[in-house]
Amino acid sequence: MRCTVSFGAAMASSFAVCRLHMTGRGSLVKCLKKVDTLLTRNIGTNAVVAQDEKDGLQSLYAVQAKRQEQAERSVLISCLSKTNEKKFVKYLSKYGDIQKYFFYESYGMYAVVEYANQESVSSLLEDTAFPSISHESMVPFKSRLLSLRNIGSADSTNKQSGQLCQPQTTVPINTLIQRLSSEESIDQQVTSLTEAYQLTEENTRLRFLVCSLLKDIATAYFPECTIKPFGSSVNGFGKLGCDLDMFLDLDGISGRKAKMPNAGLSMEYQMKRENTERDVTQSILSVIGECVDRFGPGCVGVQKILKARCPLVRFSHQPSGFQCDLTANNRVAMKSTELLYLYGELDPRVRCLVFTVRCWARAHAITSSIPGAWITNFSLTVMVLFFLQKRSPPIIPTLDHLRNLAGPEDKSVIEGNDCTFVSDFSKIQPLSNTETLEKLLCEFFEFYATFSFSKMSINVRKGKEQNKPEVAPLHIQNPFETSLNVSKNVSATQLERFVALCQESSWLLQQSETRTPGVGTGRNTATPWGLATLLLPSQVAGVKSRKKRRREPASERIKSLLESLKNDNQPKKS
């Protein structure tokens with residue numbers, strides 16, 4: 001899926017998308033300022049903020065509320081392959097002021113249009129007709145997913161006017177390696193990778209709009225419900241093309257917390273009863289899943305996976321190109337999302353390191369999109385957080401420290417699990433660590449190359465290793481459900497591969513041949529170096545076990561590679 005962005009001239013300054021262009025090595029402070037600007041722009045959180053908020057950090061709940069409100073004022077329109085942009089905007093503007101719009105491709109051309117107020121959306125929908133197809137019967141469910149039609153003769157001038165095209169999936173790994181190879185420092189390579197992989201403003205808006213469209217279906221049964229994205233879509237660590245995880249939130253329905261009088265008459269709703277809350281969740285998702293399947297435009301391949309530990313409805317949303325999972329009563333996952341978002345906002349290096357390690361892991365098949373014995377992205381993210389807590393001084397605080405800073409409004413106990421931590425950023429004192437991204441990346445590999453996985457467990461709540469409570473190759477304590485091991489699926493073989501790759505990557509980053517930018521042998525090419533070298537599959541894909549690497553810390557294959565790099569950089573004799 002690719003995205004074509006277009007802004008009205010009057011809105012250009014408000015919604016301009018800045019790019020990160022770093023020249024020279026620069027100081028750490030300048031680098032981090034640019035990284036912070038980049039992350040704020042792209043993660044889809046506070047990229048557009050009010051004047052009184054721009055100097056402070058927003059909580060995840062404030063960000064979600066703003067995004068949901070934007071989505072409620074938006075429509076998703078299937079366009080003709082050759083849509084004249086000026087005519088398109090002129091036509092839609094007659095229903096009200098357009099705040100923002102952009103085009104993208106997914107099984108055809110689509111446009112997201114955000115109006116300045118919700119009345120404009122209502123006015124547009126009032127003028128929208130049923131499909132004019134006489135030979136098919138239509139399910140009369142009206143949503144904000146619309147189709148643009150051009151009635152009458154074809155217009156030879158009806159062509160797109162050169163909109164900027166922005167990809168909505170990550171660049172191919174070879175393209176990324178070339179891009180990184182042309183950077184001047186490893187710090188710049190890390191920020192460039194983050195820029196290429198993280199969610200864009202437009203992609204995030206589309207995710208919230210899909211949630212809003214699904215909410216329109218669910219409100220037929222639960223008028224006061226909301227559907228929120230969680231996980232990678234909002235925690236700041238989402239990669240372009242990642243799945244859309246959604247949470248059906250019924251906690252805001254009025255009447256739940258109504259106070260009953262001590263005496264006298266009162267009124268209660270009559271409701272169906274189930275034996276357990278899990279049964280309630282399964283019943284609700286079963287019905288919502290059936291409605292999505294029968295009535296949801298663009299929703300295909302609907303699966304109701306109700307026997308899973310966390311029941312869910314899975315489907316593909318073709319107009320957006322997203323693979324979607326809808327859950328309910330998944331409050332612990334929402335708190336995990338909030339915690340990761342908080343850590344990512346505290347220091348821009350957190351997200352940069354997570355994106356880099358995840359990309360490195362995927363390049364070497366340490367992680368996989370297929371369920372199995374691999375390390376998951378969540379486990380890998382927790383490992384990065386733990387490493388950053390172990391720095392001296394630490395870069396991020398422990399979860400216990402965040403809990404101690406919490407006020408009464410932050411108290412959260414879910415199914416007996418203490419999920420309390422501070423949400424007010426002003427209560428968290430900034431830490432004094434000034435290590436560069438290059439140093440952190442190298443130290444990350446060194447840290448886990450020598451970590452005692454056989455005896456110790458990773459614990460971000462305490463910020464220190466603890467003795468393993470169970471027999472498992474890799475033990476990472478769930479931050480909130482502390483009796484659970486989030487890496488229980490990981491096999492000994494996969495852990496050995498991870499450790500061996502950490503050893504190899506740590507060694508490579510210490511070699512002068514790979515730490516220095518190379519000169520290309522052809523036009524517009526550069527020799528892979530630094531981080532780019534670590535992403536080349538041939539470098540470390542053949543590592544089989546920790547024992548083998550201990551006997552051969554610098555393999556002949558790697559030496560041969562470095563020699564070839566030297567030879568490539570030497571001028572050829574005529």
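All figures in this text were calculated on a predicted structure; none of them were measured in a lab.

Looking now at the overall build of the protein. Across its full length, the protein carries 20 helices and 15 strands. Here the analysis covers contacts within the protein between residues at least 6 apart in sequence; of these, 69% occur between residues at least 24 apart.

What follows is about the pattern of salt bridges. Throughout the structure, instances matching the rule amount to 26 salt bridges. A salt bridge links E69 to R73, with the shortest nitrogen-to-oxygen separation between them at 2.7 Å. Overall, the relative accessible area of 41% leaves E69 in the partly exposed class. We classify R73 as buried; its relative accessible area is 9%. The salt bridge involving D347 is made with R349; its shortest N-O contact spans 2.8 Å. An identical accessibility class is assigned to D347 and R349; each is buried. One salt-bridge network, held together by shared partners, links R67, E69, R73, E114, E201 and R205.

This part takes up unusual backbone geometry. A cis amide bond links S392 with the next residue in sequence, P393, at an omega value of -5°. In this model, Y107 sits at a positive phi of 55°, which is unusual for a non-glycine residue. Looking at the element boundaries, Y107 is found in the loop between β3 (98–105) and β4 (109–115). Residue class for Y107 comes out exposed when judged on its relative accessible area of 66%. Backbone geometry places E415, a non-glycine residue, at a positive phi of 50°. Looking at the element boundaries, E415 is found in the loop between β12 (413–414) and β13 (417–418).

On to the sheet that holds strand β8 (residues 244–249), then. With mixed pairing, the 5 strands of this open sheet are ordered in space as β7-β8-β11-β10-β9. Each edge of the open sheet is held by one strand with a lone partner, namely β7 (226–230) and β9 (299–305). Taking each pair of neighbouring strands and ignoring which way they run, the sheet shows an average axis angle of 25°. Across 5 bridges, β9 lies against strand β10 (residues 312–317) in antiparallel orientation.

Right, let's talk about helix α6 (residues 173–181) for a bit. Within the span of α6, buried status applies to L176, I177, L180 and S181. Each buried residue of α6 sits inside an arc of 135° when the element is viewed along its axis, so together they form one side. As for α6, its buried residues are in contact with α7 (186–197), α11 (348–363) and α17 (531–534).

Moving on, we get to the packing of helix α3 (residues 60–72) against helix α10 (residues 331–346). Running from N to C, α3 and α10 point in directions that differ by 105°, and their axes come no closer than 10 Å. Comparing the axis directions of α3 and α10 gives the class roughly perpendicular. Counting all contacts with α3, which are made through L60, Y61, V63 and Q64, the residues of α10 involved are M334, K335, T337, E338 and Y341. Each residue belonging to the contact of α3 with α10 can be placed in one class, and the counts come to 5 nonpolar, 2 polar and 2 charged.

Looking now at the packing of helix α14 (residues 437–449) against helix α15 (residues 492–509). The interhelical angle for the contact between α14 and α15, taken along N-to-C directions, is 140°, at an axis separation of 8 Å. Here α15 runs oblique to α14, going by the angle between their axes. In terms of crossing hand, the pair formed by α14 and α15 is left-handed. Across from L441, C442, F445, E446, Y448 and A449 in α14, the residues of α15 making contact are F498, V499, C502, Q503, S505, S506 and L509.

On the surface, a nonpolar cluster with roughly 270 Å² of combined accessible area is contributed by F130, I133 and M138. With respect to the helices and strands, I133 occurs in the loop between α5 (118–126) and β5 (145–147). Accessibility expressed as a relative area gives 36% for I133, which makes it partly exposed.

Scored by pLDDT, the protein has a mean of 83; 79% of the residues are at 70 or more. Contacts for the low-pLDDT stretch residues 37–55, under 50 throughout, to residues beyond four places or in other chains number 52 contacts. Across residues 155–162, where pLDDT falls below 50, the model places 14 contacts with residues more than four positions away in sequence or in other chains.

What follows deals with the nonpolar core. Of all hydrophobic cores here, the largest spans 81 residues; its most connected members are L176, W360, L388, Y448, F453 and F498. Leave out the neighbours within four places in its chain, and L388 touches V350, L353, P394, I395, I396 and L440. Counting 34 residues, the second largest nonpolar core, distinct from the first, contains L206, I288, C291 and F322.

What counts and what doesn't
- Residues numbered from 1 in each chain as written.
- Predicted model: local features only at pLDDT ≥ 70, side-chain atom pairs only at ≥ 80, totals over all residues.
- Heavy atoms only, no water.
- Helix = DSSP H or I, 4+ residues; strand = E, 2+ residues; numbered from the N terminus.
- Contact = heavy atoms within 4.5 Å.
- Salt bridge = Lys/Arg side-chain N within 4 Å of Asp/Glu carboxyl O.
- Buried < 20%, exposed > 50% of the residue type's maximum accessible area, 1.4 Å probe, protein only.
- Pairing = 2+ DSSP bridges.
- Axes fitted to C-alpha atoms, helices over the stretch in contact; angles between N-to-C directions.
- Arc of directions from axis to C-beta.
- Parallel < 35°, antiparallel > 145°, perpendicular 65-115°, else oblique.
- Nonpolar A, V, L, I, M, F, W, Y, C, P; charged D, E, K, R; others polar.
- Left-handed = near helix turned anticlockwise from the far one by under 90°.
- Patch = residues over 30% accessible without salt bridge, like charges linked within 9 Å, V, L, I, M, F, W, Y side chains within 5 Å.
- Areas by Shrake-Rupley, 256 points an atom, 1.4 Å probe, with all protein chains shown as cover.
- pLDDT = per-residue confidence, 0-100.
- Core = buried A, V, L, I, M, F, W, Y, C linked by side-chain atoms within 4.5 Å.

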